[in-house]
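A look at the structure
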Amino acid sequence: MTITPAPIDGADIVIVGAGILGLAVAWALGRALGTGGARSVLVVDRHPPSTQATARAAALLTRARGDAATAALVRDTYTAITSLEEELGEDLGLRRVGTLHVAASGARVDSLRTLVAAGTDPVDWLDGDGAARLAPCLSAEAVERAAFMPLDGFIDPMRLADAYRRSARHAGVRISTGLSVQAIRVERGRVAGICTDRGFIAAPVVVNAAGAWAAGLAWSAGVGLPQAPVRSQYWITEPRPDMFPRDLPVLVMPDAGAYARPELGALLFGLRGRRSLALDPARLPHDTAGLDLDDSDGGLETLEEGWQALARLCPPLLQAGIAHYVSGLSTYTADGRFVLGPVPEVEGLFMATGCCGAGIAASGGIGRAVAAAVLGQPGPVDLAPFAPGRLGALDPFSPALRGACAAARSGKTGG
Ligand SMILES: Cc1cc2nc3c(=O)[nH]c(=O)nc-3n(C[C@H](O)[C@H](O)[C@H](O)COP(=O)(O)OP(=O)(O)OC[C@H]3O[C@@H](n4cnc5c(N)ncnc54)[C@H](O)[C@@H]3O)c2cc1C
């Protein structure tokens, strides 16, 4: 006997993707609409919530960003964490250790000054000795100047995503997993709903928060997104609390193309590498856990290439063994900006994607901004710089676009 699953009721707003961005949009919609709100919201995902990119993030919540709009979205995440903690009555484990932006050359000091001047957050400038006092694993001689931003921190990404999910559920948002979306159906220029492996679900509004799969899904509605799935990776040393104390600040070291943070007495460090690996969004398997992201090199090429510059700044790394390698798919855009807001050619279609390796950091702001756009209300930032069509018509599966997105990741210097 075969059991036919019950059809799923339509909703006023459907969000595809229960990673942190889809859940943050659901949270913000839930807050705006209130319990028993005037419009129903449904989140769908083929997997349990937050098991793809979100599960693998290093989850630095770095405030210093190159532009005011992105910085505002990150600041909103800190506000979101406070408000979720109040609502849920629990501590979400934000580790407010601060970020130490390290410059190893005069030229880098200048670019660091420009970076922190763009924001309004407090900054302490330190020389090499001051930096090494704060982060004893740093070499005082290798540091020219460093900017310490004490309000920064990092968080367990699954815990934050789950807090968005629970708050959304309390507000009446439905979440349906084990459901694969095959296409967004568009009729006469407006969204009609989604086609899934369990039938059609009617919805006049669809938010595409499908992460690495968002470009493929958008293409089903005739929309080309300027983004590609790009490998992000980090390593974790063996536990050495003598070298890497738990209260170590987050370290951003652009001269080495690296970042690091404490991880239970070990050091978690990421390297960007000169050649990032971008994948064809048309050929992604449904589950990145089964994807051979190690590719041919297991991250070794990046490690070999970046190791010396990193060890010059952080010499104890030469004595600590590496215990873990973690890789996953972020979604980078050609210009390094998120893809957020309405698609003018298709009424009712919105994007919450193109995370550029900062989706955890900006989740609260992205959730609020996209929810406001969906509801036609003023949001926390102007979404024009993040408009899905800002780079014009393009082929989301072209090798040229993949190359540009990989270069955006390799060239990243912030947290
Ligand atoms: C190694 C690594 C380190 C990182 N470090 C940081 C960091 O320090 N700070 C930071 O802010 N960010 C970091 N990131 C980036 C961060 O993980 C992402 O920005 C964030 O998780 C993106 O969330 P998302 O919701 O867009 O994607 P995801 O978490 O991947 O969620 C997308 C969801 O959509 C679902 N889906 C897709 N297509 C369909 C479909 N057709 N039908 C049904 N469901 C579908 C998927 O199953 C998935 O659950 C890192 C990422 C990696 C890989």
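Rules used in this analysis
- Residues numbered from 1 in each chain as written.
- Predicted model: local features only at pLDDT ≥ 70, side-chain atom pairs only at ≥ 80, totals over all residues.
- Heavy atoms only, no water.
- Helix = DSSP H or I, 4+ residues; strand = E, 2+ residues; numbered from the N terminus.
- Expected span 1.5 Å × (residues − 1).
- Buried < 20%, exposed > 50% of the residue type's maximum accessible area, 1.4 Å probe, protein only.
- Contact = heavy atoms within 4.5 Å.
- Polar contact = N/O pair within 3.5 Å; in protein donor to acceptor, adjacent residues only side chain to side chain.
- Near = heavy atom within 4 Å.
- Areas by Shrake-Rupley, 256 points an atom, 1.4 Å probe, with all protein chains shown as cover.
- Nonpolar A, V, L, I, M, F, W, Y, C, P; charged D, E, K, R; others polar.
- Domains from an automatic or database assignment.
- Buried area = accessible area lost by both parts, 1.4 Å probe.
- Salt bridge = Lys/Arg side-chain N within 4 Å of Asp/Glu carboxyl O.
- Pairing = 2+ DSSP bridges.
- Axes fitted to C-alpha atoms, helices over the stretch in contact; angles between N-to-C directions.
- Phe/Tyr/Trp six-rings, centres within 6.5 Å; stacked < 30°, edge-to-face > 60°.
- Lys NZ or Arg CZ within 6 Å of the ring centre and 35° of its normal.

It is worth spelling out helix α10 (residues 399–410) at this point. With 12 residues, α10 ought to run about 16 Å at 1.5 Å a step, and its terminal C-alpha atoms sit 16 Å apart, in line with that. Regarding α10, the residues found buried are Leu401, Arg402, Cys405, Ala406, Arg409 and Ser410. Packed against the buried residues of α10 are β13 (227–237), β16 (266–271) and β17 (322–333).

A rise of 1.5 Å per residue sets the reference length of helix α3 (residues 68–88), with its 21 residues, at 30 Å; its end C-alpha atoms lie 30 Å apart and thus fit the reference within 8%. The backbone nitrogen of Ala69 lies 3.3 Å from a side-chain oxygen of the residue at the head of α3, namely Asp67. The first or second residue beyond α3 is Gly89, which carries a positive phi of 65°.

With respect to spatial proximity, 34 residues lie near the ligand, and among them Asp45, Thr54, Val181, Cys355 and Ala361 are the closest. Between the ligand and the protein, one listed contact pairs an oxygen atom with a side-chain N or O atom of Thr54 at 2.6 Å. Interatomic distance of 2.8 Å between a backbone N/O atom of Ala361 and an oxygen atom of the ligand. The fraction of the free accessible surface of the ligand (1,000 Å²) that becomes covered by protein chains is 97%. Every element with two or more residues in the shell around the ligand is listed here: α1 (20–33), α2 (53–56), β13 and β17. Counted by class, the shell around the ligand contains 18 nonpolar, 13 polar and three charged residues.

Right, let's talk about the domain arrangement of the protein for a bit. Along its sequence, the protein is carved into domain 1 (13–89 + 156–227 + 334–396) and domain 2 (99–153 + 229–331). Distance between the C-alpha centres of domain 1 and domain 2: 27 Å. The interface of domain 1 with domain 2 comprises 29 residues on the first partner and 29 residues on the second. Taking both sides of the interface into account, the surface hidden between domain 1 and domain 2 amounts to around 2,400 Å²; carbon and sulfur atoms contribute 56%. For the pair domain 1 and domain 2, the number of links is two salt bridges. Between Arg63 and Asp121 there is a salt bridge; the shortest N-O distance is 3.9 Å. Linking domain 1 with domain 2 are 14 residue pairs in polar contact (both at pLDDT 80 or more). Every element with two or more residues in the side of domain 1 that touches domain 2 is listed here: α2, β3 (60–61) and α3. When grouped by side-chain class, the residues that make up the side of domain 1 that touches domain 2 number 14 nonpolar, 10 polar and five charged.

Let's shift gears to the sheet that holds strand β18 (residues 339–342). Pairing within the open sheet is mixed, and its six strands lie in the order β8-β2-β1-β12-β19-β18. On the outer flanks of this sheet lie β8 (174–177) and β18, each paired with one strand and no other. Shown here is a sheet whose adjacent strand axes are inclined to one another by a mean of 20°, direction ignored. Pairing of strand β12 (residues 205–208) with strand β19 (residues 349–353), which is carried by three bridges, proceeds in the parallel orientation.

With respect to the helices, strands and loops of the structure, Arg166 is situated in helix α6 (residues 157–170). Residues Arg166 and Asn208, spaced 42 residues apart in sequence, show a C-alpha to C-alpha distance of 20 Å. If we skip the residues at most four places from it in the chain, Arg166 touches Leu88 and Glu90.

Turning next to the environment of Pro342. On the secondary structure map, Pro342 appears in strand β18. Taking the C-alpha atoms as reference points, Pro342 and Thr79, separated by 263 residues in sequence, lie 24 Å from one another.

The final tally for this structure, using the stated rule, is 15 salt bridges. For the salt bridge of Glu347 with Arg190, the shortest nitrogen-to-oxygen distance reads 2.9 Å. Of this pair, Glu347 sits in the loop between β18 and β19 while Arg190 sits in strand β10 (residues 190–196), and the two are 157 residues apart along the sequence. Taking the relative accessible area as the measure of exposure, Arg190 reaches 29% and is therefore partly exposed. In this structure, the salt-bridge partner of Asp242 is Arg240, at a minimum N-O distance of 2.8 Å. Residue Asp242 is classed as exposed on the basis of its relative accessible area of 57%. Residue classification places Arg240 among the partly exposed residues on the basis of a relative accessible area of 24%. The network of salt bridges with shared partners includes Glu90, Asp162, Arg165 and Arg166.

This part covers the sheet that holds strand β11 (residues 199–202). Hydrogen bonding along the main chain pairs the strands of a sheet, whether they run parallel or antiparallel. Strand order in the open sheet formed by three strands is β9-β10-β11, and the pairing between neighbours is antiparallel. With partners counted over all chains shown, the strands left at the sheet margins are β9 (181–187) and β11, one partner each. Each strand axis lies, on average, 30° off the axis of its neighbour in the sheet, ignoring direction. Both β9 and β10 contribute to a ladder of six bridges, which runs antiparallel. Paired with Ala183 across the bridge in β10 is Cys195.

It is worth spelling out the packing of aromatic side chains at this point. Evaluated as defined, the whole model comprises six aromatic pairs. Ring centres 5.8 Å apart and planes at 90° place the aromatic pair Trp219 and Phe397 in the edge-to-face group. Placement of the pair is Trp219 in helix α7 (residues 214–219) and Phe397 in the loop between α9 (363–375) and α10, with a sequence separation of 178 residues. Judged by its relative accessible area of 40%, Trp219 falls in the partly exposed class. Ring pairs connect the aromatic residues Trp235, Phe269, Trp307 and Tyr325, which therefore count as one cluster. Over the face of the ring belonging to Tyr78 we find Arg63, whose NZ or CZ atom lies 3.8 Å from the ring centre.

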